[in-house]
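A look at the structure
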Amino acid sequence: MIDTGTAAPPTPSATRRITGVGLATAAGVAVAVQSRINGELGVRLADGIAAAVVSFGVGLLVLLVLVPATPGGRRGLAGLRATLRDGSLRPWQCLGGVCGAFLVATQGLTIGTLGVAVFTVAVVAGQSGSSLAVDRAGIGPAGRQPVTASRLAGAVLTVLAVLLAVADRLGDPAALALAALPLLAGVGIAWQQAVNGRVRVASGSALAATLVNFAVGTVALLATFAVEVAVRGAPAGRLPTEPWLYLGGPIGIVFIAIAAAIVRFTGVLLLGLATIAGQVVGAVLLDLVLPTAAARPGVATLAGAALTLLAVLIAALNPRR
């Protein structure tokens, strides 16, 4: 049985919940950009794990400078140590970065083949169902939240909307088999957001929670990369010279910090749905502004994006009880 550590807090106001949805949607747009960047980096390096190490490593370096340099970051680290010592925060609740590392690794491993559209479908399918379970178990800082009809409808409608958006890409069996990786990553995202929210509440600092996430994720990726090099040898690609290919880590910092800060207002499911909406909108905008040969949005894609936003609105306006 999972020990959630604290009782459910009071229901947040509608204003805070809607504000949280807006921030989460913006963060989702950033994730779509990160996916395109890390996918391209994986292609350049010819190794998705190496691309994930670079992305997480750059983010960790930024945080190692930023967090100790800010008063809030220093207080957060001190608070984190105190809560770990007194047992109010459990060590396993600091492992959300492992799931984040897996997501970034799947970006580099699969987007070059699947494209952002099918990748998003797989992540959505895993994240929506997992978010319902995580909220019901009370793993996040918002406490236990019931699976109401509106929340369930929002999750199901989101999956259907994204399926509509990429219906023309779902006939490839090989692509669907490869999509199992981002599907598992989507399952892990919900748990990551929940435990990162716990770390943020315990430390009192979103930056400190983000640093923990990146430190744990980088260690996990380095261990995986070491095994890969021992088995398969060094990556065939070279580090690219374009600076924009190294922005995946800093974008991840923004996303993790926002998610850790607002999950206590939105709950895991609503945070996930709003993030998904942002990802879909961001993917559509990217494909319109910077189209690729495999990604040219049509009417179905635009309709799916609009339906996703409607699904998030249904869940956002629904009270917790």
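Reading the values: the criteria
- Residues numbered from 1 in each chain as written.
- Predicted model: local features only at pLDDT ≥ 70, side-chain atom pairs only at ≥ 80, totals over all residues.
- Heavy atoms only, no water.
- Helix = DSSP H or I, 4+ residues; strand = E, 2+ residues; numbered from the N terminus.
- Buried < 20%, exposed > 50% of the residue type's maximum accessible area, 1.4 Å probe, protein only.
- Patch = residues over 30% accessible without salt bridge, like charges linked within 9 Å, V, L, I, M, F, W, Y side chains within 5 Å.
- Areas by Shrake-Rupley, 256 points an atom, 1.4 Å probe, with all protein chains shown as cover.
- Salt bridge = Lys/Arg side-chain N within 4 Å of Asp/Glu carboxyl O.
- Axes fitted to C-alpha atoms, helices over the stretch in contact; angles between N-to-C directions.
- Parallel < 35°, antiparallel > 145°, perpendicular 65-115°, else oblique.
- Left-handed = near helix turned anticlockwise from the far one by under 90°.
- Contact = heavy atoms within 4.5 Å.
- Nonpolar A, V, L, I, M, F, W, Y, C, P; charged D, E, K, R; others polar.
- 1 Å grid on protein atoms, 1.4 Å probe; cavity = no way out; pocket = protein on both sides within 12 Å on 5 of 7 lines; lining within 4 Å.
- Points joined across faces, edges and corners; volume = space filled by probe spheres on them.
- Expected span 1.5 Å × (residues − 1).
- Phe/Tyr/Trp six-rings, centres within 6.5 Å; stacked < 30°, edge-to-face > 60°.
- Core = buried A, V, L, I, M, F, W, Y, C linked by side-chain atoms within 4.5 Å.

Structurally, the position occupied by Leu313 is in helix H10 (residues 299-316). Given a relative accessible area of 45%, Leu313 falls into the partly exposed group. In the structure, Leu313 is positioned 159 residues away from Gly154 in sequence and 8.1 Å away in space, judged by C-alpha atoms.

With that settled, consider a nonpolar patch on the surface. On the surface, a nonpolar cluster with roughly 490 Å² of combined accessible area is contributed by Leu285, Leu288, Val289, Leu290 and Leu302. Considering each element in turn, the nonpolar patch owes the most residues, 3 residues, to helix H9 (residues 248-289). Examined against the element boundaries, Leu290 turns out to sit in the loop between H9 and H10.

Turning to the packing of helix H1 (residues 14-45) against helix H2 (residues 48-69), a few remarks are in order. For the pair H1 and H2, the least separation of the axes is 8 Å and the interaxial angle reads 130°. The angle between H1 and H2 places the two elements in the oblique class. The handedness of the crossing between H1 and H2 comes out as right-handed. Two secondary-structure elements touch here, H1 through Gln34, Asn38, Leu41, Gly42 and Leu45 and H2 through Ala50, Ala51, Val54 and Ser55. Here the residues of the contact of H1 with H2 sort into 5 nonpolar, 4 polar and no charged.

Okay, empty space enclosed by the protein next. On inspection of all chains with the given rule, the structure shows 4 cavities of 30 Å³ or more. Its volume calculated, the largest cavity comes out at about 130 Å³. What lines the largest cavity is Val31, Gln34, Phe56, Gly100, Leu103, Val104, Gln192, Asn213, Phe214, Gly252, Phe255 and Ile256. Looking at the lining of the largest cavity, the elements with two or more residues in it are H1, helix H4 (96-137), helix H8 (206-232) and H9. Class assignment of the residues belonging to the lining of the largest cavity gives a composition of 7 nonpolar, 5 polar and no charged.

All right, on to helix H7 (residues 180-203) then. Along an α-helix, a turn takes 3.6 residues, which lines up residues three or four apart on a common side. With 24 residues, H7 extends 34 Å between its outermost C-alpha atoms, agreeing within 8% with the 34 Å of an ideal straight helix rising 1.5 Å per residue. Immediately beyond the C-terminal end of H7, within one or two residues, lies Gly204, with a positive phi of roughly 75°.

The subject of this paragraph is the packing of aromatic side chains. Across all of its chains, the model carries 2 aromatic pairs by this definition. Ring plane angle 25° and centroid distance 6.3 Å describe the contact between Trp92 and Trp191, whose orientation is recorded as stacked. Taken together, the residues Trp92 in the loop between helix H3 (71-86) and H4 and Trp191 in helix H7 connect sequence positions 99 residues apart. Residue classification places Trp92 among the partly exposed residues on the basis of a relative accessible area of 32%. A residue is classified by how much of its surface remains accessible, and Trp191, at 23% relative accessible area, is partly exposed.

Phi is positive for Ala46, close to 60°, though the residue is something other than glycine. Inspection of the secondary structure assignment puts Ala46 in the loop between H1 and H2.

In terms of nonpolar packing, the biggest core is built from 20 residues, with Val134, Val268, Leu271 and Val312 touching the most fellow members. Of all the secondary structure elements, the ones that give two or more residues to this core are H1, H4, H7 and H9. In terms of residue count, H9 provides more of this core than any other element does, 10 residues in total. Excluding residues that lie within four positions of it along the chain, Val312 makes contacts with Val21, Leu270, Leu273, Ala274 and Ala277.

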